[in-house]
Each structure stands twice: as structure tokens, then as C-alpha cells.
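# Structural overview for review
Letter by letter, the chains look like this.
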Amino acid sequence: MDRDATVRLVRRFYDDLWTRADVATADEILEPEMLFVLPFARFQGREALKSLVVANHRAFAGLTYHTTADGVILDGRRAACEWRMTGRQVAEWNGIPATGREVEIPGMTLFELGASGQIREARVHNHYFGLLAQLGAVTMRHPEQDSAAPHGA
Amino acid sequence: MANSPDANNAIAVRLFETVWNKGDFGVLDTLIAPDALDHSTAGGVPKTERGSASFRNIVGMFRHAMPDIHLSIEDEIYAGDRVVHRWVLEGTDTGGVMGMPPSGKRLRFTGTTIVRMEDGKIAERWANLDELGLLQQLGVVPPPPGA
């Protein structure tokens, strides 16, 4: 795959699959047994990822993953992408009742592509703690702590 | 003159190995541009700071908290002026993380860092780490709902 095709593939993962919730895209761009890894969860296979996309769209109206061509970094069959997620929580999500709140978090994902040119693995770090904090779903127990989260490392 | 991607990666790796793992802050200014931008998610809110001070403060805080700190690189991708590292950080919390009392616990959390290089120095950094996992290990936040 040339550079432009790989950039398009990575951006389709966000634009078509995650933002437009066009789950048929998953069949084109993901290997059947692809692995999607977050620090706190992992999803194996296209179908698991489709379900995750649909569930998150049910919970967040206008769920959008903002990417730029400049934010995609390629090195052979591997790629990295930085992104920003926005949306408004309109339904229960992970046990958190609908808040109606707008949320916005940054994230970054490392991709590994298979020989077929489809995505084999995606490893994500997102500002999940910030998302929970924006939804009012997490509070620090420590009374002297004025900063709820550490700096980036 | 722009460095090769390999040379750029070597500089980013040096920040981890020298400053993070050995506490040699003397090399910071040789690795980081004076007007570097640092994008972090401090306080639950993404923010941007200019200069090497935030690098110094963040590493200094973690090294004080965990004197035996060790950051290991798990994966790296680099091309053009960008370098990406996925890493795992481990250490024993004997000094207290983020101003909290020392927990005495062995902590382990992961993150991803992207840097933009300019003239052989880090000109911009974006980092995203498993803050929730860290705070849960410290026992200061409960597991998320539904977990």
C-alpha cells in the first residue's frame, strides 16, 4: 500500500466507522479477528468492534472523531493517529445515566496492518479519565488533591 | 537542517532513558527546544504549556514519587518529523504521586507519546496515559461504573 492509501485507511477507521457508524466499513478495512486494545478493555473481532461503535453512538449524539492527514504517522505496515472525540451523552452509558453533557477528549492509536492491507491491531490511549470526569462519574477520594489527573508523561 | 527519522527517534528515546530513567535533567535543554509546546491532560482538562518546564515538572514529580522508576518502550513508529512511542512505566510509590501520600505500592501504567522534532530537538509533545488505571491502583478513584 502506498502512503496515501494507508492514510485513507486510517482516516476511514475514524470517519466512516467511528463517526458515521457505517459498520459495513469494518468488513472492508478490518481483518476478521482484529484486536482493539484499550488500557482497561480489549475487543476481538470485527463484530465486537461494530457492537462497540453502535453502543457508543446510542449513548453519544453527534459522536465524532476528528482527525487530520497530518496527524497520521506511517512507518511501513504500522501507523499512528492522533484524534479528538466529541459528542453529547444522551443515553445511559457504562452504567452512567444520561447527563446531556457535551464531552471532548483527545486520544491516540497505534495501528498494525496485515498483509492484506486491512487493520490487524489497534492500540488506543484516550483521555478516558477525563471523559468520566466530564460526565461527573468519577471523583477523587483524596481531599487535599486539587488536580484530578496527572500531567501527560 | 532536518534530522533523519532514525536520528529523531534516538533523541526521543534519549529523553526516556536519560531523563526519565536516570534523572539526568542536565540534558533536558539539549533535547527540548526552548519554546517547545507540551500538550497534556492535567487536571482532567487538556492543556498546553510552552517551554521545557512542564517536562521537568512532570518527570521530577514521577521520579520523586517513584525513585526506582523505569519506563520501557513497547513500540515505536517514526517517520518524517514525528516519533511515536507506546510505553509502560513501573515503579514503587515511596514519595507520593501528584502530591498524594506515598502508597508504598508497586505501580504500573501505560501511555503513548508523540513528539514533533525540529532541528534535532523536541518541538512539541502530545501524551496520553492510562490515568484511570494509575488512580485506581492508588485507590483514589473507584472502578468506573459498569466495569
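Shown above is the structure to which this text applies.
So, here is what we can say about the structure in this document.

Rules and cut-offs
Residues numbered from 1 in each chain as written. Chains lettered and ligands numbered in written order. Predicted model: local features only at pLDDT ≥ 70, side-chain atom pairs only at ≥ 80, totals over all residues. Heavy atoms only, no water. Helix = DSSP H or I, 4+ residues; strand = E, 2+ residues; numbered from the N terminus. Rg over C-alpha atoms; globule rule 2.2 N^0.38 Å. Buried < 20%, exposed > 50% of the residue type's maximum accessible area, 1.4 Å probe, protein only. Contact = heavy atoms within 4.5 Å. Areas by Shrake-Rupley, 256 points an atom, 1.4 Å probe, with all protein chains shown as cover. Lys, Arg positive; Asp, Glu negative; His and termini not counted. Charge placed at Lys NZ, Arg CZ, Asp CG, Glu CD. Salt bridge = Lys/Arg side-chain N within 4 Å of Asp/Glu carboxyl O. Core = buried A, V, L, I, M, F, W, Y, C linked by side-chain atoms within 4.5 Å. Axes fitted to C-alpha atoms, helices over the stretch in contact; angles between N-to-C directions. Parallel < 35°, antiparallel > 145°, perpendicular 65-115°, else oblique. Buried area = accessible area lost by both parts, 1.4 Å probe. Polar contact = N/O pair within 3.5 Å; in protein donor to acceptor, adjacent residues only side chain to side chain. Nonpolar A, V, L, I, M, F, W, Y, C, P; charged D, E, K, R; others polar.

## Describing the overall build of chain B
- When helices and strands are tallied, chain B shows four helices and six strands.
- In chain B, the succession of helices and strands from N to C terminus is α-α-β-β-α-β-β-β-β-α.
- Taking 2.2 N^0.38 as the reference for a compact globule, 147 residues should give roughly 15 Å; the C-alpha atoms of chain B span a radius of gyration of 15 Å, in line with that estimate.
- Reported as C-alpha extents along the three principal axes, the dimensions of chain B are approximately 50 × 35 × 25 Å.
- A buried classification covers 55% of the 147 residues belonging to chain B.

## Examining the overall build of chain A
- The secondary structure content of chain A amounts to four helices and seven strands.
- Going from N to C terminus, chain A has its helices and strands arranged as α-α-β-β-α-β-β-β-β-β-α.
- For 153 residues, the compact-globule estimate of 2.2 N^0.38 gives 15 Å, and chain A sits close to it at 16 Å.
- Dimensions of chain A, computed from the C-alpha atoms along their principal axes, are close to 50 × 35 × 25 Å.
- When each of the 153 residues of chain A is scored for burial, the buried share is 52%.
- Here the contacts in chain A between residues at least 6 apart in sequence split such that 55% fall between residues at least 24 apart.
- When the accessible surface of chain A is totalled, it reaches about 6700 Å², and 47% of it is carbon and sulfur.
- Computing the positive centroid from 17 side-chain charges and the negative centroid from 20, chain A places the two 2 Å apart.

## Some thoughts on the pattern of salt bridges
Residues and elements named next belong to chain A.
- Summed over the entire model, instances satisfying the criterion amount to 21 salt bridges over all chains.
- Two residues, Asp75 and Arg78, come together in a salt bridge whose shortest N-O distance is 3.6 Å.
- Judged by its relative accessible area of 27%, Asp75 falls in the partly exposed class.
- A relative accessible area of 23% places Arg78 in the partly exposed class.
- Here Glu102 makes a salt bridge to Arg88, at a shortest N to O gap of 4.0 Å. Taken together, the positions of Glu102 in strand E6 (residues 102-113) and Arg88 in strand E5 (residues 78-89) put the pair 14 residues apart, joining distant regions of the chain.
- Given a relative accessible area of 34%, Arg88 falls into the partly exposed group.
- Residues joined in a network through salt bridges with shared partners are Arg12, Asp16, Arg20 and Glu28.

## A word on the nonpolar core
- Judged by nonpolar contacts, the single largest core of 80 residues is most densely connected at Phe13, Trp18 and Phe36 of chain A together with Trp20 of chain B.
- Among the elements that make up this core, the one with the highest residue count is helix H1 (residues 3-19) of chain A (seven residues).
- If we ignore the near neighbours within four places in the chain, the residues touching Phe36 of chain A are Phe13, Trp18, Ala41, Arg42, Phe43, Leu49, Leu52, Ala122 and Val124 of chain A.
- The next biggest cluster of nonpolar side chains, apart from the first, holds eight residues, and it includes Ala80, Met108 and Leu110 of chain A together with Val84 of chain B.

## Side note on the packing of helix H1 (residues 5-22) of chain B against helix H3 (residues 53-65) of chain B
Residues and elements named next belong to chain B.
- Axis separation between H1 and H3 bottoms out at 9 Å; the angle between their running directions is 50°. For the element pair H1 / H3, the angle class is oblique. Mapping the contact onto sequence places Leu15, Val19, Trp20, Asn21 and Lys22 in H1 and Phe55, Ile58, Val59, Phe62 and Arg63 in H3.

## Examining the interface of chain B and chain A
- Facing 47 residues of chain B, the contacting portion of chain A comprises 39 residues.
- Taking both partners together, chain B and chain A bury about 3900 Å²; carbon and sulfur atoms supply 65% of that area.
- The interface formed by chain B and chain A includes three salt bridges.
- Of the charged contacts in the structure, one is a salt bridge between Asp70 of chain A and Arg82 of chain B, with a shortest N-O distance of 3.1 Å.
- For the pair chain B and chain A, the interface holds ten residue pairs in polar contact (both at pLDDT 80 or more).
- Elements supplying a minimum of two residues to the side of chain B that touches chain A: strand E2 (47-50), H3, strand E3 (70-79), strand E4 (82-92), strand E5 (106-118), strand E6 (121-129) and helix H4 (131-137) of chain B.
- Residues belonging to the side of chain B that touches chain A are distributed by class as follows: 26 nonpolar, twelve polar and nine charged.

## A word on unusual backbone geometry
All names here are of chain B.
- In this structure, Met98 is a non-glycine residue whose phi angle is positive, near 55°.
- Among the secondary structure elements, Met98 is positioned in the loop between E4 and E5.
- Owing to a relative accessible area of 12%, Met98 belongs among the buried residues under this scheme.
- If you check the backbone angles, Asp119 has positive phi at about 50° while not being a glycine.
- Classification of Asp119 as exposed rests on a relative accessible area of 56%.

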